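Next come the chains, spelled out residue by residue.
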Amino acid sequence: MRILVVDDEPVVRELTVEILRRSGYAPQGVPSARRALELLDQESFDLVVSDVVMPEMTGVEFLYELRLRRPDLPVILMTGGSQEPERTSRAVQLGAAGLLYKPFSHAELRAMVASALERD
Amino acid sequence: MGIIERVATDAPDARALQTLGLLTRGALHEISNPLVALVGTAELALSDAEPGTKPYDRIALTHRTGLEIMEIVRALQAFIRLQAEPETELSVGAAAADAIALVSKVVPTHDTELRVSGDAVVVARPGETQRRLVELLIEELGGAERGDVIELEVRDGVVTASGGGELRL
């Protein structure tokens, strides 16, 4: 299963990729939503895991764009959880497959990814 | 007059607390990425280390400590998220138990036991209810001695604390 990880924070991005790789998935990390959209136009992924608070394009704006291009692609949004209640409620409206509140544990990430892929 | 009432009637103190609240909210967000990195990296390193060795024990300690900080951050984040919840029918007993769990995580209780008895159902905003219950608990803790028991008794929408405080919902 190919998973696209989108986070402007390199440590979190690389760590998320490594956790998913060790869990048997084939993850790829990108630092921005724009780069993710470019990649999604060229390659196929089974799931997207994206941060919410990012410069240039937020995770929610990214989700909106994705819904237009790939309506069936499941998306998990990672959020700090205390700063952006409006953004996260918009994400739910747009059909995010899950909201993963930071800080999260490996087990929580794995469980949410497995659940999102199962539903798909 | 309790600690929170005193602060509320002192305008500069109240403004300072409001500012502190805004800073705390920002700090909780800013700390979440470093915590993901700390706990996540420790967990990866733990799976690479040899159990029974000193490096393993040190990484395990780092991991446990990170998880403890994570629990505090998550409890505060959940409190903030709850403030946006609309009015609903809720169990006061369950709300009091949640408030006790939050206070126990983030406030030094010095071996004071916090517990709840009874229950009632009210229509209220969950965030405001929890905030008022937390305030009551902090007031009670202010007057408690090490080893005391603070009990919140819930009856008919009124929460009575064993130290004399009362909250009408």
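Before any of the text, the structure's been laid out above.
First, a word on what this report is: a plain description of the structure on this page. (Residues numbered from 1 in each chain as written. Chains lettered and ligands numbered in written order. Predicted model: local features only at pLDDT ≥ 70, side-chain atom pairs only at ≥ 80, totals over all residues.)

Remarks on the interface of chain A and chain B
Let me state the cut-off plainly: Contact definition: two residues whose C-beta atoms, as placed from backbone geometry, lie within 7 Å. Helix and strand definitions here come from DSSP, where helices need a minimum of 4 consecutive H or I residues and strands a minimum of 2 consecutive E residues; each element is numbered from the N-terminal end. Following the grouping adopted for this structure description, the nonpolar residues are Ala, Val, Leu, Ile, Met, Phe, Trp, Tyr, Cys and Pro, the charged ones are Asp, Glu, Lys and Arg, and the polar ones are all others, Gly among them.
Between chain A and chain B, the residue contacts involve 17 residues of the former and 19 residues of the latter. Broken down by element, the side of chain A that touches chain B gets its largest block of residues, five residues, from helix H1 (residues 10–22) of chain A. Taken together, the residues of the side of chain A that touches chain B sort by class into eight nonpolar, six polar and three charged.

Some thoughts on the environment of Ala124(B)
Residue and element names in this part refer to chain B. Put simply, the rule is: With C-beta atoms placed from the backbone, a residue is buried if 20 or more other C-beta atoms are within 10 Å of its own, exposed if 12 or fewer are, and partly exposed between those counts.
Along the chain, Ala-124 turns up in strand E3 (residues 121–124). Classification of Ala-124 by C-beta neighbours within 10 Å gives partly exposed; the count is 18. For the pair formed by Ala-124 and Val-39, sequence separation is 85 residues and the distance between their alpha carbons is 37 Å. Discounting chain neighbours no more than four positions away, the residues touching Ala-124 are Glu-87, Leu-90, Thr-129 and Leu-169.

Some remarks on the packing of helix H4 (residues 92–106) of chain B against helix H5 (residues 126–142) of chain B
Helix packing for two helices is described by the angle between their axes and how far apart those axes are. Residue and element names in this part refer to chain B. As a reminder of what qualifies: Every axis corresponds to a line fitted to the C-alpha atoms, with the helix fit spanning only the stretch in contact, and the corresponding angles, defined between N-to-C directions, vary from 0 to 180 degrees. For this classification, under 35 degrees means roughly parallel, over 145 means roughly antiparallel, 65 to 115 means roughly perpendicular, and everything else is oblique. Whether a crossing is left-handed or right-handed is set by the direction in which the near helix is turned from the far one by less than a right angle, anticlockwise for left-handed and clockwise for right-handed.
Remark: H4 packs on H5, axes separated minimally by 9 Å, with the N-to-C direction vectors making an angle of 55 degrees. Between H4 and H5, the crossing angle belongs to the class labelled oblique. At the point where H4 passes H5, the crossing takes the right-handed sense. Along its contact with H4, which presents Ala-95, Ala-96, Asp-98, Ala-99, Ile-100, Leu-102 and Val-103, the element H5 presents Pro-126, Thr-129, Gln-130, Leu-133, Val-134, Leu-137 and Ile-138. Of the residues that constitute the contact of H4 with H5, the class distribution is eleven nonpolar, two polar and one charged.

Regarding the sheet that holds strand E1 (residues 2–6) of chain A
All names here are of chain A. For clarity, the cut-off: When DSSP locates at least two bridges between a pair of strands, those strands are taken to pair.
One open sheet accounts for five strands, arranged E2-E1-E3-E4-E5; its pairing is parallel. At either margin of the open sheet sits one strand with a lone partner, and together these are strand E2 (26–30) and strand E5 (98–101). The sheet shows a mean angle of 20 degrees between the axes of neighbouring strands, direction not considered. By the bridge criterion, five bridges tie E1 to E2 in an arrangement that is parallel. Note on E2: the bridge partner recorded for Arg-2 is Ala-26. Sitting on the sheet, H1 touches E1, E2 and strand E3 (47–51), and the angle it makes with E2 is about 175 degrees. Contacts between helix H5 (residues 106–119) and the sheet are confined to E1, E3, strand E4 (75–79) and E5, with E5 contributing the most and set at about 175 degrees to the helix.

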